[in-house]
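Breakdown of the fold
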Amino acid sequence: MHKITVKDFLKINFRGLKLIYNRNKFSIPLSVFDAVLISLSSYWNFWFLARLLDHLAVNADFSVIIKDAALIIAGDFLIRIIKCITDHFIFHDGSLFWEECNIYLNEKLMNMDYEYMESEKIQNQKRDIDEMVRTHDGGGMNFLYWRMTGVIAYSLNLIIAVVYMIQIINKSRGLFTGSPVKSALSSILFIAVIILLIVITMKRVKQLKEKIFHENETLIPVYREMHWYVFNCLEKESYGKSIRLFHQQPLLEKHLKDLFSEGSCRSIRKGKLNEKMQRITGFLQAGLLSIIYLYLGIMAIKGLLSVGNVVLYAGSISIFANYFSEWVYVLAELTTNTAYVKAYFDFLDIPNKKYEGSLPVEKRDDDRFELEFRNVSFKYPGTEEYVLKNFSIHFRIGERLAVVGRNGSGKTTFIKLLCRLYDPTEGEILLNGIDIRKYDYQEYLSLFSVVFQDFKILSMPLGENVAAASDYDKEKAAGALMRAGMGDTLSKLEKGLDTVLYTDFDTEGIDISGGEAQKIAIARALYHDSPFIILDEPTAALDPLAEYEVYSNFDALVGTKTAVYISHRLSSCQFCNDIIVIDHGQLIQRGSHEELVKEKDKLYYQLWNTQAQYYHKGQ
Ligand code: ADP
């Protein structure tokens, strides 16, 4: 993370404040009001106590004395009540702000170009933000929000204190009677000592803050690893098996112990640095107070101050010393925090590179869509190797297209390009003769229902999973589940479509097998009535019988939709009237099953023979 300059500090925090303001126009005024209350509560008692003492010194009327005392008590009481109410609103608003900041991040994650989702760099950037917040005790935007009131209040108190300091210096002109030069020199010395004390402290605080920041930075990877082991490894059933069978417990215990001890060592170091910083600001406070009290004492002895003045100035100076050290401390914290606020905005600012056109996708009653890959070549961002090379294909609605090839040949990549999760590196993809980049992205996406190999089912009710919405057509969802072969299971579920899947968040949830999950994923694709249905190895988790069921019902399953069916098991593709064979990112064969098996010197025939056992089962 690079060094934050003063310009960066102002720019980034100003942007943070703008975000706070744009979200709720009252947040900043409320904080300013709260800050005024903090200052008022600090000074109120001193103002009126000074007045009371001066009145006592001149034997003022009893009613005047009572009035002064009443003002102190009533004012203080009122300020406290108003402050309680303000704090309540600030607490509510601040908590909401924190949640919303997280929502902005999650929205960004869900809507950013898909290629970023697969980018380790971007994923790490997001994790860094989460961990920075954890290591910095809620740092980032949250910290900015909560310190906003403090900075304003401390600054206000400082301004008031400076005014009183000027008054003290003004009154100290008579310190050395008949020698204005000596008086002036003593004032200069007084101010110089104060400034020196402040400068030395600030410098030391800055050094310490840099060290704390460094400790935080080194804690991030430690926490990341600890988090991964605790939440991804030890808690997951899939790891549990190999941990037990391979007796990995001692290995993991040692590794975790090392991580925890490194984490706690760094945390303790951080704590010590924090303590040191508080000690230093404490010394500053004590030093300032001693010098100022000494000065006030001399002035009082010389008769330059009334009793009330002594109380007022001593009080305001103690407030000054107290808030000045707080102010230095918070300012140093805000400087460190700026790096976290920057990381937050840097993430939100990641630009979506994908060009999004505005052309509406023609709503055709006859669903006559034509898709064409024209000389498409593609390499994944950050890689040098072409995964698809000069790939050209044309297919029409209503066709059953099977895409076969060995693992890693580029089949899934072909689908990712078709669905515009990525754009081709070279060449173009056309829908009804127009480059797909020119279409409105969401409209274009709605043409496809895809079941990817690594589909995910959410820990939510079955119906919501199928419809991908909380408000949905129950009949349609049940129909889709039946078509996907989940009819029997659905009829046995007491809560039907409202049954929660998995037990992550609901003890009454049900655990489903890989095959059932796959059927639900197929039902989800069927529910979304898109003209294209794409199944990427949809039967991988199914047993042979269930797999056969899917094949034999395939026509009924996809109806009049265009189906693109990916598999490395050739037996699953015989029902498709059009089969393409991809090898090393190139389209090497195309035809019906009967045509392709005749080309005995080519890959399809070789694969077909190798997989003969499936082939016999399929027949
Ligand atoms: P198939 O579906 O035929 O098994 P894929 O299309 O998934 O093959 O992968 C084709 C090639 O692209 C493989 O070599 C794979 O390692 C590589 N690949 C897939 N996804 C990525 C990615 N996100 N980044 C870099 N390379 C990838």
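Residues numbered from 1 in each chain as written. Predicted model: local features only at pLDDT ≥ 70, side-chain atom pairs only at ≥ 80, totals over all residues. Heavy atoms only, no water.

So, the pattern of salt bridges
Counted only if it meets this: Salt bridges are counted wherever a side-chain nitrogen of Lys or Arg sits within 4 Å of a carboxyl oxygen of Asp or Glu. Strands are runs of DSSP state E lasting at least 2 residues, helices are runs of H or I lasting at least 4, and numbering of each runs from the N terminus. Under the scheme applied here, a residue whose accessible area is under 20% of the maximum for its type counts as buried, over 50% as exposed, and between as partly exposed, the area being computed with a 1.4 Å probe on protein chains only.
Throughout the structure, instances matching the rule amount to 24 salt bridges. Measuring nitrogen to oxygen at the nearest pair gives 2.9 Å for the salt bridge that ties Lys342 to Asp346. You can see Lys342 and its partner Asp346 sitting in helix H10 (residues 307-348), four residues apart, about one turn around the helix. Take Lys342: its relative accessible area is 21%, and that puts it in the partly exposed class.

Describing the site of the ligand
Note the threshold: Here, proximity means that at least one heavy atom of the residue falls within 4 Å of the molecule or strand. The definition of a polar contact used here is a pair of N or O atoms within 3.5 Å, where within protein one atom must be able to donate a hydrogen and the other to accept one, and adjacent residues in sequence count solely through side-chain atom pairs. Using a 1.4 Å probe, the Shrake-Rupley method yields the accessible areas, and only the shown protein chains count as cover for residues. Classification used: nonpolar for Ala, Val, Leu, Ile, Met, Phe, Trp, Tyr, Cys and Pro, charged for Asp, Glu, Lys and Arg, polar for all others including Gly.
Surrounding the ligand, one finds Glu118, Tyr380, Val387, Arg406, Asn407, Gly408, Ser409, Gly410, Lys411, Thr412 and Thr413. Contacts to the ligand include Thr413, whose side-chain N or O atom sits 2.5 Å from an oxygen atom. Relative to its unbound accessible area of 560 Å², the ligand is 63% covered by the protein chains. Class assignment for the residues of the shell around the ligand results in two nonpolar, six polar and three charged.

What to know about the packing of helix H1 (residues 6-23) against helix H6 (residues 141-171)
As a reminder of what qualifies: Fitted lines through C-alpha atoms serve as axes, helices being fitted only where they are in contact, and the angles separating the N-to-C directions of these axes extend from 0 to 180 degrees. Orientation is classified from the angle alone, with under 35 degrees giving roughly parallel, over 145 giving roughly antiparallel, 65 to 115 giving roughly perpendicular, and any other angle giving oblique. Whether two residues are in contact is decided by their heavy atoms: any pair within 4.5 Å suffices.
Interaxial distance between H1 and H6 falls to 10 Å at its minimum, and their mutual angle equals 80°. Taken as axis vectors, H1 and H6 run roughly perpendicular relative to one another. Only Met141, Leu144, Tyr145 and Met148 of H6 make contact with H1, whose side of the interface consists of Asn13, Gly16, Leu17, Leu19 and Ile20. Residue composition of the contact of H1 with H6, grouped by class: seven nonpolar, two polar and no charged.

Focus: helix H7 (residues 180-234)
Here is the rule: Multiplying one less than the number of residues by 1.5 Å gives the expected span of a helix. To get the bend at a residue, fit one axis to the 7 residues ending there and another to the 7 starting there, then take the angle between the axes.
Compared with an ideal rise of 1.5 Å per residue, which puts 55 residues at 81 Å, H7 spans 78 Å between its outermost C-alpha atoms and is within 8% of the ideal. For H7, the principal kink sits at Leu219 and spans about 30°; a proline, Pro221, occurs within the next four residues.

Observations concerning the sheet that holds strand E1 (residues 370-378)
The criterion, for reference: DSSP calls a pair of strands paired once it identifies at least 2 bridges connecting them.
Taking strand neighbours across the sheet as the criterion, the four strands line up as E2-E1-E4-E5 in an open arrangement whose pairing is antiparallel. Two strands in the sheet have a free side with no partner beyond their single neighbour: strand E2 (388-396) and strand E5 (434-435). Where E1 meets E2, six bridges bridge the pair, whose relative direction is antiparallel. Bridge pairing links Val376 to Phe391 in E2.

A look at the sheet that holds strand E3 (residues 400-404)
Spatially, six strands are ordered E6-E7-E8-E3-E9-E10 in an open sheet, and the strand pairing comes out mixed. Each of the sheet's edge strands pairs with one partner strand only, and the pair in question is strand E6 (448-451) and strand E10 (586-591). Direction aside, the axes of adjacent strands within the sheet are offset by 15° on average. Strand direction decides the pairing type here: strand E7 (residues 532-536) and strand E8 (residues 562-567), joined by five bridges, are parallel. Along E8, the bridge assignment pairs Phe532 with Thr562. Packed onto the sheet, helix H11 (residues 411-418) meets E3, E6, E7, E8 and strand E9 (578-583) and runs at close to 150° relative to E8. Packing of helix H20 (residues 603-610) onto the sheet brings it into contact with E3, E9 and E10, and relative to E9 it is tilted by some 95°.

A short note on the side chain of Ser39
Looking at the secondary structure, you find Ser39 in helix H2 (residues 27-57). When its relative accessible area of 4% is taken as the criterion, Ser39 is described as buried.

What to know about the pairing of strand E4 (residues 426-431)
As paired elements, E1 and E4 share five bridges and run antiparallel to each other. By the bridge assignment for E4, Leu371 is matched with Leu431. Strand direction decides the pairing type here: E4 and E5, joined by two bridges, are antiparallel. The partner of Leu430 across the bridge, within E5, is Asp435. Two successive antiparallel strands, E4 and E5, enclose a turn made up of two residues, where Asn432 displays a positive phi of approximately 45°.

Describing the environment of Ile122
Tracing the sequence through the fold places Ile122 in helix H5 (residues 120-135). Taking C-alpha positions, Ile122 is 16 Å from Lys354, a pair spaced 232 residues apart along the chain. Not counting chain neighbours up to four residues away, the residues in contact with Ile122 comprise Met112, Tyr116, Phe347 and Ile350.

A word on the nonpolar core
The test is simple: Remark: nonpolar core denotes a set of buried residues (Ala, Val, Leu, Ile, Met, Phe, Trp, Tyr, Cys) joined through side-chain atoms within 4.5 Å.
Counting residues in hydrophobic clusters, the biggest one holds 74 residues, and the most contacted among them are Met141, Tyr344 and Phe347. With 21 residues, the top contributor of residues to this core is H10. Every residue in contact with Phe347, bar those within four places of it in the chain, is listed here: Leu105, Lys108, Leu109, Met112, Ile122, Gln125, Lys126 and Ile129. If you look at the next biggest cluster of nonpolar residues, it comprises 45 residues, including Ala467, Ala478, Ala484 and Leu493.

Notes on the domain arrangement of the protein
The figure often quoted for interface size is the accessible area lost as the parts come together. Convention followed: Note that the domain bounds reflect an automated or database-derived domain assignment.
Once the domains are mapped, the protein shows domain 1 (6-348), domain 2 (367-447 + 535-613) and domain 3 (448-529). Taking the mean C-alpha position of each, domain 1 and domain 3 sit 50 Å from one another.

A word on a nonpolar patch on the surface
Under the convention used in this document: Patch membership needs two things, relative accessible area over 30% and no salt bridge, and members are linked within 9 Å if like-charged or within 5 Å if nonpolar (Val, Leu, Ile, Met, Phe, Trp, Tyr).
Side chains of Phe77, Ile81, Ile85 and Phe89 sit close together on the surface and give an oily, nonpolar patch of about 410 Å² of accessible area. When you line up the elements, Phe89 lands in helix H3 (residues 62-111).

What to know about unusual backbone geometry
What is expected of a backbone is that most residues other than glycine have negative phi and most peptide bonds are trans. Of note in this structure, Asn59 is not a glycine but carries a positive phi near 50°. Mapped onto the elements of the fold, Asn59 is located in the loop between H2 and H3. A relative accessible area of 69% places Asn59 in the exposed class. If you check the backbone angles, Asn390 has positive phi at about 45° while not being a glycine. Positionally, Asn390 belongs in strand E2. Taking relative accessible area as the criterion, Asn390 reaches 47% and is therefore assigned partly exposed.

With respect to the environment of Ile159
Tracing the backbone through its elements, the reader meets Ile159 in helix H6. A C-alpha to C-alpha distance of 68 Å links Ile159 and Asp536, two positions 377 residues apart in sequence.

Section: the packing of aromatic side chains
This is how it is decided: Two aromatic rings, drawn from Phe, Tyr or Trp (for Trp, its six-membered ring), form a pair once their centres lie within 6.5 Å of each other, and the interplanar angle then sorts them: stacked below 30 degrees, edge-to-face above 60, tilted otherwise. The rule for a charge over a ring is simple: NZ of Lys or CZ of Arg within 6 Å of the ring centre, and within 35 degrees of the ring normal.
Counted according to the given criterion, the structure contains 24 aromatic pairs. Ring centres of Tyr154 and Tyr323 lie 5.2 Å apart, and the angle between their planes is 40°; this geometry places the pair in the tilted category. Taken as a pair, Tyr154 in helix H6 and Tyr323 in helix H10 lie far apart in primary sequence, 169 residues in all. Each member of the pair, Tyr154 as well as Tyr323, is classed as buried. By way of ring pairs, the aromatic residues Phe395, Tyr439, Tyr444, Phe448 and Phe532 are connected into one cluster. Above the face of the Tyr386 ring, Lys389 is positioned so that its terminal group lies 3.9 Å from the ring centre.

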